[in-house]
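Chain residues, written in single-letter form:
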Amino acid sequence: MSSLPKNLAELQEEIEAHARSYGLDFFPVIFELLDYRGLNQVASYGGFPTRYPHWRFGMEYEYLSKSYSYGLSKIYEMVINNDPCYAYLLECNQIVDQKLVMAHVYAHCDFFKNNLAFSKTNRKMMDVMANHATRIRRYMDAHGVEMVENFIDACLSLENLIDPHSPFIVRERPKERQETEESRPQVRRMKSKSYMNDYVNPPECVEARQKKLDEEAKRKKRFPESPQRDVLKFLIDHSPLENWRRDVLSMVREEAYYYGPQAQTKIMNEGWATYWHSKLMTEKVLTDAEIIDYADHHSGTLGGRSGRLNPYKLGVELYRNIEERWNKGRFGKEFDDCEDLVERARWDRKTGQGREKIFEVRKHCTDVTFIDNYLTEDFCREHKLFIYDFNQKTGMYQISDRDFRKVKQRLLFQLTNFGQPFIYVVDGNFRNKGELLLQHKYEGVELKHDYARDTLRNIQRVWGRPVNLDTVVDEKARRITFDGEDFEEKDVSDKVA
Amino acid sequence: MILRIEQDHNRFKQIIRGRIKKELKKYISSGELIGRRGKDFISIPLPQIRIPQFIYGPKQTGGVGQGEGAIGTVLGAGEVESGKQEAGNQPGEHLLEVDISLDELAEMLGEELELPEIKPKGRKNILSNKDRYTGISRYGPETLRHFKRTYKETLKRSISTGTYRPEYPILIPIRADKRFRSWKSAAMPQANAVIIYMMDVSGSMGEEQKEIVRIESFWIDTWLRHHYKGVEIRYIIHDAEAREVDRDTFYHTRESGGTVISAAYKLCSKIVDLEYPADEWNIYCLHFSDGDNWSQGDTEECVTILKGQVLPRVNLFCYGQVESPYGTGQFLVDLKEAYGEDERVALSKIENKEGIYQSIKDFLGRGR
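Residues numbered from 1 in each chain as written. Chains lettered and ligands numbered in written order. Predicted model: local features only at pLDDT ≥ 70, side-chain atom pairs only at ≥ 80, totals over all residues.

A few words now on the overall build of chain B. Assigned secondary structure in chain B consists of nine helices and eleven strands. Looking at chain B as a whole, 30% of its 368 residues qualify as buried. Counting contacts in chain B only where the partners sit at least 6 residues apart, residues at least 24 apart contribute 80% of the total. (Helix = DSSP H or I, 4+ residues; strand = E, 2+ residues; numbered from the N terminus. Buried ≥ 20, exposed ≤ 12 C-beta atoms within 10 Å, placed from the backbone. Contact = placed C-beta atoms within 7 Å.)

Another point: the domain arrangement of chain B. Looking at the assigned domains, one finds that chain B contains domain 1 (1–48 + 96–114), domain 2 (126–188) and domain 3 (192–364). In this structure, domain 2 of chain B and domain 3 of chain B have C-alpha centres spaced 57 Å apart. (Domains from an automatic or database assignment.)

Residues and elements named next belong to chain A. Along the polypeptide, Asp 403 turns up in the loop between strand 6 (396–401) and helix 19 (404–415). Asp 403 gets classed as partly exposed once you count the C-beta atoms within 10 Å, which come to 14. When the C-alpha atoms of Asp 403 and Phe 390 are compared, they prove to be 17 Å apart, with 13 residues separating the residues in sequence.

This brings us to the domain arrangement of chain A. All names here are of chain A. Per the domain assignment, the segments of chain A are domain 1 (6–115 + 265–297), domain 2 (126–162 + 229–263), domain 3 (198–228 + 421–497) and domain 4 (303–416). Here the C-alpha centroids of domain 2 and domain 3 sit 23 Å apart. Contacts between the two partners involve 14 residues from domain 2, matched on the other side by 15 residues from domain 3. Listed by contribution, the elements that provide at least two residues to the side of domain 2 that touches domain 3 are helix 6 (145–157) and helix 9 (231–238). The greatest single-element share of the side of domain 2 that touches domain 3, amounting to four residues, is contributed by helix 9.

So, on to unusual backbone geometry. All names here are of chain A. Residue Pro 84 is reached from Asp 83 by a cis peptide bond, and omega for that bond is 0 degrees. Relative to the elements of secondary structure, Pro 84 occurs in the loop between strand 2 (77–80) and strand 3 (85–90). Not every positive phi belongs to a glycine, and Lys 384 is a case in point at roughly 55 degrees. Residue placement: Lys 384 occurs in the loop between helix 18 (377–382) and strand 5 (385–391). Lys 384 sits in the exposed class, given 12 other C-beta atoms within 10 Å. Residues other than glycine seldom take positive phi values, yet Arg 431 does so here, at roughly 55 degrees. Since 11 C-beta atoms lie within 10 Å of it, Arg 431 is described here as exposed.

You'll often see interface size given as the accessible area lost when the parts meet. Taken together, the contact pairs 41 residues of chain B with 57 residues of chain A. The set of elements that each furnish at least two residues to the side of chain B that touches chain A consists of helix 1 (5–30) and strand 2 (63–66) of chain B. Top element by residues in the side of chain B that touches chain A is helix 1 of chain B. It accounts for eight residues. Split by residue class, the side of chain B that touches chain A holds 16 nonpolar, 19 polar and six charged. (Nonpolar A, V, L, I, M, F, W, Y, C, P; charged D, E, K, R; others polar.)

Turning to the sheet that holds strand 9 (residues 467–473) of chain A, a few remarks are in order. Residues and elements named next belong to chain A. Pairing is mixed in the open sheet, where five strands are placed in the order 7-8-9-10-11. A single partner strand is all that each edge strand has here, and the edge strands are strand 7 (422–430) and strand 11 (487–491). Pairs of neighbouring strands in the sheet enclose a mean axial angle of 25 degrees, with direction left out of account. Against the sheet, helix 20 (residues 449–463) engages strand 8 (435–441), strand 9, strand 10 (476–482) and strand 11, with an angle of about 165 degrees to strand 9. (Pairing = 2+ DSSP bridges. Axes fitted to C-alpha atoms, helices over the stretch in contact; angles between N-to-C directions.)

Structure (structure tokens):
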């Protein structure tokens, strides 16, 4: 199956065996050797060489190629969550780099397979992407490249309006015709003798009135019944779209859900891969002659620009910290209550559960729970974490605090919902005119205003009727409306629940 | 190997081109591009193209970092851009620098201004010989030895003479086996052009007027270079006298003397006479002034020189009158009277930077 040259194929076999011996559990991995153009191509397509045509991949390619040729950046490796797992190696890398990358890839693959956030992702995504490409090409043939492309642009603008937890929850159970206690509204009839009834209350008339009442009752019902976070799904289900457009929108949604878990576990996933490549390389794979090069490249991965948080570094240190704590029994009430610093520093109960613990963590956590559960005050101090803010007066970003609780809170805020705002569909029949009302759940940070307007414009293109967004602009509650031609912004006092 | 991404890459480039074209009018009158010109390419700054989404405004978010530093420490400039003009420059937002070739820019200019292609004049296509290494010869220097051909010849010879042994396949070429790359001369048609810029540098031409000339000449250069292989450019400045200068001096000299335009025309005609035989060169003369001439008599002389010596030789004579608060603008009127119908003469009045657009159209719109 593998198209690797012999020396690399042997290397793969060796590293795979080592990885397995440590208990890593992965899909079969297929490595492919690419030159930098090929690798840049795959990277531009988000890992899938068979993706649908779109200019933004070309833009990405332009960017990657330029930074590569100016020596600013180089992609070492690329791995795809799929069964079998596809991974790409850069042809011109040294052998020691190839080893490092392979070890790294096996850990990623273990993560894909075992982390619960990934459990609902489609493991045949390679095929799905190719199908999407075929469908989109077909639509392009039928409706013109420009038209399809423009619509994809609009869809991509809404790509992040999904609910990453929804694959795990059955939100809307299929509705059974449940008769609620509030009975159907009845037409009031005039009193009459029974033989006169048909004259006093003509049946046609009653029926017509009844129909009207029913309709009104239906309209009064909330739509959607509760605010919906999966804006894309709502639009797919309820927008008046042509079939091909609906299909494009649902493809974009499907791909967004596929990529969701990767964004949810960036720190964990990279940390895990770094932890294992370091372990495999230093304990098993490296030859003496390679050690300096390895150390150089490894530190390149973990280093980074001063002051910036590097997910690789944060992740791997946290895993190591957890491993140490569980090896020495530094957890639980007894340890937490201990206030003697000397005692704490010496604390070692020889519990030896470290390895087991990190495997458990990689199974159950996402970045949010990883940080929330395992980022301790000691860790924060040791690794010199801080928060920085934009100082309006000086026009600079400055370090603003080193307090543990604030650092953790900020970090969690950034990770929650991919560090993106929460947007809900509140009303699909707003003003009783079929307008769409979205709500931004304000949590102290406002939206980027010009982007918000442009996004609203794109939602309107999908929804067809005017769209509204309740948000906060300059610390005031505002409603931005776009009716297809003009924007309107007003203060809103009555907050729609 | 052609990558699939090429298609998307091209599409992206096409979108970029579209953007540039849309903004071209702005670029034409702003002069922003002049300093960004390399040898064959020009780099054009464009706002980053991004697909809008609901995201947080950057100012309020801040972030989490790692490292040394007390509270209040400013983070390194390389990492987060500091606001230069106003607080609010965001990290990560940068301009897209797009390199496009001058040829392409000229094409865009042509499309935007609807300029006709220039047809080089009749016999002015001279032939130049160009050598290309496409042939094979039996003699030549070792550096040009054609390995594959030589090998084949040696192989042929050794098999035919029966000295070839498959188990020991070593071949030694002798002199007769050797083949060398050799050139063939091809005659390539070549059209040469010379542009002669003349400018009035008398006191009444201010900085603003010169800026206009500079921008306009940039675009005219671009357009003419697109059409001719070899383009030479000469610069003449004049007040009461005329002299030839280099490019830098041309744009930066300011004299205070009066204006005698005929002096420049005389010099121009002399240069053409001596160096640019009209049957070998496509000649373009452009003159910029604020339209103030010393005397009516001199204007008449100008008309005579143009008619007798300049016009018969040139492809095009352009006169651009840059509006200035001091000039009377009489010269344009006089020229118009004399040559209103002559298609070798293009006259244009440039009131301000916005006028450059129309003026380029006036000058180059004749396809000469």
